[in-house]
Amino acid sequence: MREEAGRQVHKFGGASLADGAAMRHAASIVLSRAPATRVVVVSAIAGATDALLEAGERALAGEIDAAVAIVDGLHQRYGAMARELLGGGNDRAAVLDDVDGAFCRLREQLRGVSLLRELTPRTRDALVSWGERLSARLFAAALAAAGQPAEYVDATEVVRTRGGFGGAAPDLDATDAAIRDRLGPLLEAGIVPVVPGFIGATPDGEVATLGRGGSDLTATLLGRALAPAAVSLWKDVPGLLTADPRLVPEARVVPQLHLREAGELAYYGAKVLHPRALIPVNGREVPVYVRPFAEPSARGTEISARRTLAEYPVKALTAVGGQALVTVAGNGMLGVPGIAARTFAALGRAEISVSLITQASSEHSICCAVPEPRAEDARDALLEAFRAEIASGEIDGIDVQPGLATLAVVGLGMAGTPGVAARVFGALAAGGINIVAIAQGSSELNISVVVGAAEVAAAQRLVHAEFHLGKIGGGRPAAPGRRDVVLLGFGQVGRALAGLVGRRRGDVAGVNLVAVIDRSGFVFDPRGLAPRRLAELALAKQAGRPLAELPGGRAAAAPEALAWITRHALSRPVLVDVTAGETGAMLRDALAAGLDVALANKRPLAGSVADVDSLRLLARRTGRRIGHEATVGAGLPVIDTFHKLVESGDRVLRIDAASSGTLGFLLTEIEDGRPFSEALRRAMALGYTEPDPRDDLSGADVARKALILGRLLGFDGDMAQVPVESLVPEAFRELPLPEFLERLEELDPLWERRLAAARARGGALRYLAAVTRRRIRVGLRVVPADSPFAGLRGPGNQFVFTTAHYRENPLVITGPGAGPTVTAAGVLNDILRAV
């Protein structure tokens, strides 16, 4: 790649310099870029700037002891980092002396503030500059200790500003010359300059800061002067994303953005970049990369003058919350020159920032969005400015509408692409989102809409989906109705589901299986695994070969596999869990990453009340769906029936269930005269049981199903409140599986006695769950001959709903309840229901 050659500028933010280990990792990134010539820009260590600002305020208030205590804490942090980074090296004493001396001067400055009771912008900038300066000294020492010649270069030597404090503007020409003069000889000599970010020098030589986040600006100033192959901004994010992933789970890293697009995102609240960071490289062929500190090999986002991704007229969304809309309206404004100028002059005098402006062509009103905390100040300023016009009735008044947010839709491709605005407004209208105001520049780079603050998250999700931005990281916009399936578990049910999906792949409303995961690793193809490939994987897995060892397989634990897969662009993805393990944490990760979930695995929904509630709450917050029909009745519509009864106004009082096809098959085999041992071995051979049949015989599986049903009815207990009768005698429960199977015949007499006792009572043996709102019981029962359960045969399941409407004649659902294909069909139905 181009950026691997020539000069490079690397900037590390505070989150990347939290402690000694983080700084060592940052140094390793720089070292790995050899033999390129490198320049490093660093921020203060995490939290240092805020601490220094607080110390200054405490000193101003006369609380010098508190101010010094804050500084003492920082002194300890920087000293500990120096000792950790340098060990017993020769430079350790000199670096520690530098640190100690810097903090002595810092304490003296604070005492001066406390004595004079004055904290000017100049003094504040001088105080906070120590955070970056000390970080840079440590970083240079860390590189030197690793064998790379490095030199600390104070930013006041190379960054020139036009004056002012707290947010100084750089003097580009003077800075260019200073950087070349000071850093050029070091680079020629193979020395890595390490420069503090965030600060520069005024024309008088005083320290001035560039504004919070200004280290990005320092890096691009160096990039402008040195014309490097790349400027890399190392962040705690994977790059610039299509939207805020906390609000839009499908958000993806944008591979490349134009400088103007990135600038718009930065201005409208995307906090990854300093709003002014891209100004120095505008018009220069210097690509800027936003890269993940935690994953140095990832490319992140390239910001440059290139225009790519032509098929995406919209590239990204961002939003500014906490807004209010201020409106100046009146018939007297029509044709009167200077109204807009006076409006914004008044807001300017009040130092109120305006994020959006809109004016109707009739000139009847002017609207602008301002920060909500300043809305009343804006009203007062405008009332004063138009006092005469309001008194005469030429202007009706000043209206303030709080509780709003501005959503910005950004993309250079919007210019010249018909219908983009219509698609934005159509998507919002379809989602029931009311638009309060609209603004679009003539360049068509940005369409901004003002909506209710409570609706901005939903608005982003709707527009994100409308423009298929979840696919921007790879692939093209998805065809409507497609679902990419990630299959967790590749046992019998997983392989059966893979076969069903493969056979449906050509359907219009089909699903696309893109990944399969087992305990060893995973196989992934974002285009979808072809039916033939799925069949080959299934045969190999059935033969005992783990996925990680198969062609295209990768070794990984299941959570790491899911994390890797979800970094890719997927179309309306769904995670299908057909395991029998404790996968709650993975399901939460999937929901947070924007995947729907379909379950055959009962454990996540039969866990503690707190765990299940948190899972459902996360699904609601992220707008995701949890389908779990197959957790209770395999392919039978049990959950669906419950919801339809409730939706019709009925009230479910009780559910009785023979919900284990395995135990149903076993009991009817015994009734037909087979010994228990033979019946169990036959059930295992047919694939009706778990690998260890005691998992079925224990009743735990039925209890989990009963608990899931009970929670639908309002049962608020956990598994500990569900009495369960195990069909495995205590002496057999801890035996190794081979020994248990060898001794099955010892259990045959017990089952002969049970069968005889049931027949003596004129009934049949069934393993049932009885579920009400207050109580759940699970165990072996003798049912009378006229019970619907008595006629149940083989691996069938039966669910009896007693409701307010079906009290005398309960509603009965009967059908197959065991076997991989039946369960897989139930899961597939959950997937298709959401397509």
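Because the structure is a prediction, the values reported are computed rather than measured. (Residues numbered from 1 in each chain as written. Predicted model: local features only at pLDDT ≥ 70, side-chain atom pairs only at ≥ 80, totals over all residues. Heavy atoms only, no water.)

(A) View of the sheet that holds strand S28 (residues 811-816). Strands sit in the order S26-S25-S24-S27-S28 across an open sheet of five strands; the sheet is antiparallel. With one partner strand each, in any of the chains shown, strand S26 (776-784) and S28 form the two edges of the open sheet. Each adjacent strand pair in this sheet contributes to an overall mean axis angle of 25°, direction not counted. Taken together, the six bridges between strand S27 (residues 796-803) and S28 define a ladder with antiparallel strand orientation. Counterpart to Gly796 in the pairing with S28 is Pro816. Sheet contacts for helix H21 (residues 661-671): strand S25 (763-772), S26 and S27; angle to S25, the most-contacted strand, approximately 160°. (Pairing = 2+ DSSP bridges. Helix = DSSP H or I, 4+ residues; strand = E, 2+ residues; numbered from the N terminus. Axes fitted to C-alpha atoms, helices over the stretch in contact; angles between N-to-C directions. Contact = heavy atoms within 4.5 Å.)

(B) Quick look at the packing of aromatic side chains. Per the counting criterion, the structure on display carries nine aromatic pairs. Between Tyr78 and Phe103, the aromatic rings sit 6.0 Å apart at their centres with planes inclined by 50°, giving tilted as the arrangement. Residue Tyr78 is located in helix H3 (residues 64-86), and its partner Phe103 is located in helix H4 (residues 92-116); the two are separated by 25 residues in the primary sequence. Across the pair, Phe103 and Tyr78 agree in class, each one buried. An angle of 80° between the planes, with centres 6.3 Å apart, marks the rings of Phe732 and Phe740 as edge-to-face. Taken together through their ring pairs, the aromatic side chains of Phe12, Phe139, Trp234 and Phe293 make up a single cluster. For Arg137, the ring lying beneath its charged end belongs to Tyr152, and the centroid distance is 4.3 Å. The ring of Phe732 has Arg743 lying over it, and the distance from NZ or CZ to the ring centre is 4.9 Å. (Phe/Tyr/Trp six-rings, centres within 6.5 Å; stacked < 30°, edge-to-face > 60°. Buried < 20%, exposed > 50% of the residue type's maximum accessible area, 1.4 Å probe, protein only. Lys NZ or Arg CZ within 6 Å of the ring centre and 35° of its normal.)

(C) Summary view of empty space enclosed by the protein. Under the counting rule described, the total for this entry stands at two cavities of 30 Å³ or more. The calculated volume of the largest cavity comes to roughly 50 Å³. For the lining of the largest cavity, the elements supplying multiple residues, two or more each, are H21 and S25. Counting residues per element, the lining of the largest cavity draws most heavily on H21, which supplies three residues. In terms of residue class, the lining of the largest cavity is built from five nonpolar, three polar and one charged. (1 Å grid on protein atoms, 1.4 Å probe; cavity = no way out; pocket = protein on both sides within 12 Å on 5 of 7 lines; lining within 4 Å. Points joined across faces, edges and corners; volume = space filled by probe spheres on them. Nonpolar A, V, L, I, M, F, W, Y, C, P; charged D, E, K, R; others polar.)

(D) Structural context of the sheet that holds strand S17 (residues 483-488). The sheet built from seven strands is open, its strands ordered S20-S19-S18-S17-S21-S22-S23 with mixed pairing. Two strands lie at the open edges of the sheet, namely strand S20 (553-555) and strand S23 (626-627), each paired on one side alone. Bridge count between S17 and strand S18 (residues 511-517): six bridges; the pairing is parallel. Residue pairing for S18: Asp484 is matched across the bridge by Asn512.

(E) A look at helix H7 (residues 215-226). Taking 1.5 Å per residue, twelve residues should reach 16 Å; H7 reaches 17 Å between its end C-alpha atoms and fits that length. Of all twelve residues that make up H7, twelve are buried, and the element is covered over most of its length. Phi turns positive, to about 50°, at Ala227, one or two residues after H7. (Expected span 1.5 Å × (residues − 1).)

(F) Geometry of the environment of Asp399. The topology assignment puts Asp399 in strand S14 (residues 397-410). Separated by 73 residues in sequence, Asp399 and Val326 have C-alpha atoms that sit 5.7 Å apart. When sequence neighbours within four positions are dropped, the list of residues in contact with Asp399 reads Leu325, Val326 and Thr327.

(G) Main features of the nonpolar core. By size, the foremost hydrophobic cluster in this structure holds 114 residues, and its most contacted members are Phe12 and Phe139. If one sorts the elements of this core by residue count, helix H5 (residues 121-145) sits on top with eleven residues. Discounting residues that sit within four places of it in the chain, Phe139 has contacts with Phe12, Leu17, Met23, Ala26, Ala27, Val30, Val40, Val42 and Val194. Counting 74 residues, the second largest nonpolar core, distinct from the first, contains Ile565, Leu599, Leu666 and Leu755. (Core = buried A, V, L, I, M, F, W, Y, C linked by side-chain atoms within 4.5 Å.)

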